Amino acid sequence: MIEMPEAATLARQMQETLTGKTIEHFSRGPLVHKFLWLSKPAEEYDAFLSGRRITGASSYGRSIYLYVGEADLLWFGELGGRILYHPQGEPLPAKFHLRWDYSDGSAMSFAMQMWGFVGLLGRSELAAHPYAEIGIPPLSERFTSECFDQLLKEYPEKTKKGIKGFLVTSKHVNGIGNAYLQDILFRAKIHPARKIPTLNQDDRQKLYTAIQETLEKAIRLGGREEERDLYNQVGGYKRLMGAETLGQPCPNCATPIVKINYLGGACYLCPSCQES
Ligand SMILES: [Zn+2]
């Protein structure tokens, strides 16, 4: 799934490469998926987008906004898969779900994995949308350690769910999914099932720092190595804790890395550094 470092990388590249292009045609690809949500029928997207100019792109946590004209945008919400740019003459992949053809002969495709939302709406509608710009993106000015403490305090399920539940639910901190979560918790030396009330001031500070360090590094490296950027290049961030490192020695203490299932997904951790 696309998490904040991938969204930031894709948005930066869209801004660089797509700004100024005119959309000639929008269409669905050969693949159909019931977990791909659009905000209106695909034909309406085509009628609305054809002839319109891309005016820029930005990201907010896990979301990417591609601006169309002065007043509208395409909103790539929480999604998995590949959004790829194809210069003129480069063939599109055989399998994809959505495509945008530009008037200069270049194109963009989206091949979805798992699920995804691609909305088309007015910039003014975005502010009023219940799922847009929820939560606070780490690395934003608003994400201070006091703000983080406050979010932890206000988390309604703090006595029921572990810290994983808080971190991967975008309405609190927006940008972290099950991938970067593993390295953040490892760097903070916290077990994913630890309940928030058991975290002391030092734990909370370590967690705050680990979030910033991990995401900053991943953005600098263009996302993680399992994902592709707009130009189909893999990211440079190698995860410390993941399927690739399962069973290998922990970089801190050499205890073998283990996998547990917790809150609907696999967690990779060092059982010695991250005691429950
Ligand atoms: Zn360890």
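Residues numbered from 1 in each chain as written. Predicted model: local features only at pLDDT ≥ 70, side-chain atom pairs only at ≥ 80, totals over all residues. Heavy atoms only, no water.

*Asks:* Mind showing me how you'd approach the nonpolar core here?
*Replies:* Generally speaking, a soluble globular protein has its nonpolar side chains buried in company with each other. With 32 residues, the main nonpolar core has Met14, Leu74, Phe76, Ile83, Trp100, Met108 and Val118 as its most contacted residues. If you tally residues by element for this core, the top one is helix H1 (residues 4-18), at 5 residues. Leave out the neighbours within four places in its chain, and Phe76 touches Met14, Arg62, Ser63, Ile64, Leu66, Ile83, Trp100, Met108, Phe117 and Val118. (Core = buried A, V, L, I, M, F, W, Y, C linked by side-chain atoms within 4.5 Å. Buried < 20%, exposed > 50% of the residue type's maximum accessible area, 1.4 Å probe, protein only. Helix = DSSP H or I, 4+ residues; strand = E, 2+ residues; numbered from the N terminus. Contact = heavy atoms within 4.5 Å.)

*Asks:* Which parts of the structure should I look at to understand the coordination of the zinc ion?
*Replies:* For a metal with four tetrahedral donors the ideal donor-metal-donor angle is 109.5 degrees, whereas six octahedral donors ideally subtend 90 or 180 degrees. Of the protein atoms, only Cys250 (SG), Cys253 (SG), Cys270 (SG) and Cys273 (SG) coordinate the zinc ion, at distances of 2.3 Å. Its 4 donor atoms give the zinc ion angles of 102 to 112° at the centre, a pattern that matches the tetrahedral case. In the primary structure, the donors to the zinc ion are separated according to the pattern C-x2-C-x16-C-x2-C. Highlighted residues: Cys253 in the loop between helix H7 (201-220) and strand S10 (258-261) and Cys273 in the segment after strand S11 (266-269), separated in sequence by 20 residues. Classification of Cys253 by relative accessible area gives partly exposed; the value is 32%. (Donors = N, O, S within 2.8 Å, 3.2 Å for Na, K, Ca; no water. Tetrahedral: all angles 85-135°; square planar, octahedral: opposite > 155°, others 65-115°.)

*Asks:* Could you clarify how one ought to interpret the packing of aromatic side chains in this entry?
*Replies:* Ring pairs (aromatic) are described by centroid distance and by the angle formed between their planes. Applying the stated criterion across every chain yields a total of 12 aromatic pairs. Plain terms: the ring middles of Trp75 and Phe117 are 5.0 Å apart, the flat faces sit at 80° to each other, and that makes the pair edge-to-face. In this pair, Trp75 is assigned in strand S5 (residues 72-76) and Phe117 in strand S9 (residues 116-122), connecting sequence segments 42 residues apart. Overall, the relative accessible area of 2% leaves Trp75 in the buried class. For Phe117, a relative accessible area of 19% gives the class buried. With centroids separated by 5.7 Å and ring planes inclined at 55°, the aromatic side chains of Phe76 and Trp100 adopt a geometry described as tilted. Residue Phe76 is located in strand S5, and its partner Trp100 is located in strand S7 (residues 98-102); the two are separated by 24 residues in the primary sequence. Accessibility expressed as a relative area gives 0% for Trp100, which makes it buried. Through successive ring pairs, a cluster of aromatic residues spans Phe143, Phe148, Tyr155, Phe166 and Tyr208. (Phe/Tyr/Trp six-rings, centres within 6.5 Å; stacked < 30°, edge-to-face > 60°.)

*Asks:* What is the right way to read the side chain of Arg239 from this model?
*Replies:* Mapping Arg239 onto the fold places it in the loop between H7 and S10. Of the polar contacts made by the side chain of Arg239, one reaches the backbone oxygen of Ala179; its length is 3.3 Å. In this structure the side chain of Arg239 is engaged in a polar contact, spanning 3.4 Å, whose partner is the backbone oxygen of Met241. Once residues within four sequence positions are removed from consideration, Arg239 is found in contact with Asn178, Ala179, Gln182, Asp183, Arg224, Glu225, Glu226 and Thr245. (Polar contact = N/O pair within 3.5 Å; in protein donor to acceptor, adjacent residues only side chain to side chain.)

*Asks:* What is the right way to look at the environment of Val173 in this model?
*Replies:* Within the secondary structure, Val173 sits in the loop between helix H5 (163-168) and helix H6 (178-188). Of the residues examined, Val173 reaches a relative accessible area of 0% and is grouped as buried. Beyond its immediate stretch of four places on either side in the chain, Val173 contacts Ile136, Pro138, Phe143, Phe148, Leu151, Phe166 and Leu167.

*Asks:* How should the layout of surface pockets be read in this particular structure?
*Replies:* One way to see where empty space is left: roll a probe the size of a water molecule over the atoms. Considering only enclosed or pocket space, the largest pocket measures out at about 470 Å³ in volume. For the largest pocket, the lining is made up of 22 residues, of which Met1, Glu3, Met114, Asn178 and Ala179 are closest to its centre. Residues that form the lining of the largest pocket fall into these classes: 8 nonpolar, 7 polar and 7 charged. Approximately 370 Å³ is the volume attributed to the second largest pocket. Around the second largest pocket, the lining comprises 18 residues; the ones closest to its centre are Trp75, Gly77, Glu78, Phe117 and Tyr131. Among the secondary structure elements, those contributing two or more residues to the lining of the second largest pocket are strand S4 (63-68) and S9. Considering only residue class, the lining of the second largest pocket consists of 9 nonpolar, 6 polar and 3 charged. (1 Å grid on protein atoms, 1.4 Å probe; cavity = no way out; pocket = protein on both sides within 12 Å on 5 of 7 lines; lining within 4 Å. Points joined across faces, edges and corners; volume = space filled by probe spheres on them. Nonpolar A, V, L, I, M, F, W, Y, C, P; charged D, E, K, R; others polar.)

*Asks:* Mind showing me how you'd approach the pattern of salt bridges here?
*Replies:* Close approach of charged atoms allows side chains of opposite charge to pair. A complete count under the given rule lists 14 salt bridges for this structure. Measuring nitrogen to oxygen at the nearest pair gives 3.7 Å for the salt bridge that ties Glu78 to Arg62. Of this pair, Glu78 sits in the loop between S5 and strand S6 (80-86) while Arg62 sits in the loop between strand S3 (54-60) and S4; the two residues are 16 residues apart in sequence, bridging distant segments of the chain. Residue Asp203 pairs with Arg194 through a salt bridge whose shortest N-O separation is 3.0 Å. (Salt bridge = Lys/Arg side-chain N within 4 Å of Asp/Glu carboxyl O.)

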